Amino acid sequence: MTMQDTHLTAIEPGTAMLAANELFCERDDRILFQRLSFAVAEGQVLQVRGSNGSGKTTLLRIVCGLNDSYEGDLTWYGAPLAEQVEHFRHELLYIGHRVGVNKVLTPLENLRWTCGLSARVDDDAILQALAAMGLRGFEYSQCFTLSAGQQQRVSLARLLLSPARLWILDEPFTTLDKHGVAQLEFLLAEHAAKGGAVLVTTHHELHVPELEELELG
Amino acid sequence: MVDPTPAGSAGSSTASAFRATLKRDLLIAYKRKHDVVNPFMFFLIVATLFPIGVSPEPERLAQIAAGVLWIAALLASLLAMDNLYRADYEDGSLEQLLLSPHSLYFLVLAKNIGHWLVSGLPVVLVSPLIAYMLNLPAGSYLTLFLTLLLGTPVLSLLGSIGVALTVGLGSRGLILAVITLPMSVPVLIAGTMAVEQTQNGASLAGYLAILGAMLLAAITLAPLASAAALRISVN
């Protein structure tokens, strides 16, 4: 039985991009979290921490709208999220632990589709983003020939291409090498500095300004 | 700066997301040729087994030709269905699809169309050849071809609902067939009846109208059901 009761210091209303109020989630007769409230404001990185099985991934999926077995309220810029799903999805970039990279397609083809689902992106921009993620020379290789870390980088290239303001990243550091970790931390900090917000789960010690932590479990 | 920018400025239109999805699925099919070829070969083999198993007499074959072709097409469509969402579910692409700001109806429809183009259309195109092998009466080729052309997309669209419902299950086995085949019965009846009745002088137009109506109903309703089923499966 995992139970806990978390309250973050409330952020002034109006600046909060995304807020959760009194979330409750039960899974297989086990309470993952209850009375969980938090907010992510523009310019902020919120790191969700917690032991394995404490519901980090479930929480992110609830926020995205992939999981609806919860109680409580989610608000987006102060209004109920459910009423502005389309706008929310325009502003959302989600990378789960299954990164959404098709193995038979090349990185370029993968990103054409994934980015094309929400924004207009041309090939030059994708090639530049892939090069920036250290995948120069792999643009036209099928993804099953790439390592797990490289596939992760393919999905992370979306961070450079998407106009989304809210990034929700589930364990984005797991397969990255040291250089990749530093680069991703830089991207998170840069996104926050531009007024974006990040919700991220990781066990890694993040070196990012404006970092808030949310402890689960 | 609280100014949620209106959708669309740098965003893609639903039409471009539809095209991107269709293109991607056709590209994947092109790169995974065996997924496309296997159901097609299955169709050819099943249809070929009947003359061996039932009777090679031309008269007997002529009686069952239409039914054999329809059942073989139905089974081939079922066999091909499994590819529709499975890889996307496993690699996380399905989550990206569900989180697209665009209507899931159109994205699912794009996937269904792409799937039919590579799994259904080849079967329709080769059907006159198999019909010739099964000694289909000379006047029925056009009927068979047209009914399959209208009917196989319906089978794909209905199958998509079953696949969407079962994509999250670990071991699916026959459950897909149990869900999908009963829904396909009306199409099978309309298709085989059309061939039989037009041989006896009935007008083709009525049957085409019925199959066309089924196709329209499937296009408008089935992707909605598939979309809802996908959201449940990913939950």
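Residue numbers restart at each chain and count upward from 1, following the sequence in its written direction. Chain labels run from A onward and ligand labels from 1 onward, assigned in the order the entries are written. Per-residue local features of the predicted model are confined to residues with pLDDT of at least 70, and side-chain atom pairs are confined, for both listing and counting, to 80 or more; whole-chain, interface and lining totals are unaffected and use all residues.

Peer 1: Mind showing me how you'd approach the overall build of chain B here?
Peer 2: When its secondary structure is counted, chain B shows nine helices and zero strands. Where helices and strands are cited, they refer to DSSP runs of H or I of at least four residues and of E of at least two residues respectively, numbered from the N terminus. Reading the secondary structure of chain B in the N-to-C direction produces α-α-α-α-α-α-α-α-α. Across its three principal axes, chain B shows a C-alpha extent of roughly 80 × 35 × 30 Å. For chain B, restricting intrachain contacts to residue pairs at least 6 apart in sequence, the fraction spanning at least 24 positions comes to 82%. Contact between two residues is assigned when their C-beta atoms, built from the backbone, lie within 7 Å.

Peer 1: What should I look at first to understand the packing of helix α3 (residues 107-116) of chain A against helix α4 (residues 123-132) of chain A in this one?
Peer 2: Pairs of packed helices are described in terms of their axes, by the angle between the two and the distance that separates them. Residue and element names in this part refer to chain A. Axis geometry follows a simple rule: fit a line to the C-alpha atoms, using only the stretch in contact for helices, then measure angles between N-to-C directions, giving values from 0 to 180 degrees. In the contact formed by α3 and α4, the axes pass within 10 Å of each other and the chain directions differ by 120°. In terms of orientation, α3 and α4 fall into the oblique class. Read as a crossing pair, α3 and α4 show a hand that is right-handed. Note on element contacts: α4 touches α3 through Asp123, Ile126, Leu127 and Leu130, opposite Pro107, Leu108, Leu111 and Arg112. For the contact of α3 with α4, the class distribution of residues is six nonpolar, no polar and two charged. In these notes the angle categories are as follows: under 35 degrees is roughly parallel, over 145 is roughly antiparallel, 65 to 115 is roughly perpendicular, and the rest is oblique. In a left-handed crossing the near helix is turned counterclockwise from the far helix by less than a right angle, and in a right-handed crossing that turn is clockwise. Each residue receives one of three labels: charged for Asp, Glu, Lys and Arg, nonpolar for Ala, Val, Leu, Ile, Met, Phe, Trp, Tyr, Cys and Pro, and polar for the others, Gly being one of them.

Peer 1: When you look at the interface of chain B and chain A in this model, what are you seeing that I'm missing?
Peer 2: The parts lose accessible area when they come together, and the size of an interface is often stated as this lost area. Contacts between chain B and chain A engage 30 residues on the former and 34 residues on the latter. Those elements giving two or more residues to the side of chain B that touches chain A turn out to be α1 (14-31), α4 (83-91) and α5 (93-98) of chain B. The element contributing the most residues to the side of chain B that touches chain A is α1 of chain B, with eight residues. When grouped by side-chain class, the residues that make up the side of chain B that touches chain A number 15 nonpolar, ten polar and five charged.

Peer 1: Can you help me understand the nonpolar core in this one?
Peer 2: Across soluble globular proteins, nonpolar side chains have a tendency to be buried as a group. Here, a nonpolar core means buried Ala, Val, Leu, Ile, Met, Phe, Trp, Tyr and Cys residues linked by C-beta atoms lying within 7 Å of one another. Exposure is read from a count of other C-beta atoms within 10 Å of each residue's own; the residue is exposed at 12 or fewer, buried at 20 or more and partly exposed in between. C-beta atoms are placed from the backbone. If you look at the biggest cluster of nonpolar residues, it comprises 127 residues, and the most contacted ones within it are Leu18, Leu92, Ile168, Val198 and Leu199 of chain A together with Leu69 and Ala73 of chain B. Apart from the residues within four sequence positions on either side, Leu92 of chain A is in contact with Cys64, Ala164, Leu166 and Ile168 of chain A together with Leu99 of chain B.

Peer 1: How do you make sense of unusual backbone geometry when you look at a structure like this?
Peer 2: Most peptide bonds take the trans form, and the phi angle of most residues other than glycine is negative. Residues and elements named next belong to chain A. With a phi angle near 50°, Arg35 is a residue other than glycine that sits in the positive phi range. Assignment of secondary structure puts Arg35 in strand β3 (residues 30-41). A count of 14 C-beta atoms within 10 Å places Arg35 in the partly exposed class. Even without a glycine there, the phi angle at Tyr77 is positive, about 50°. Note on placement: Tyr77 falls in the loop between β5 (71-76) and β6 (79-80).

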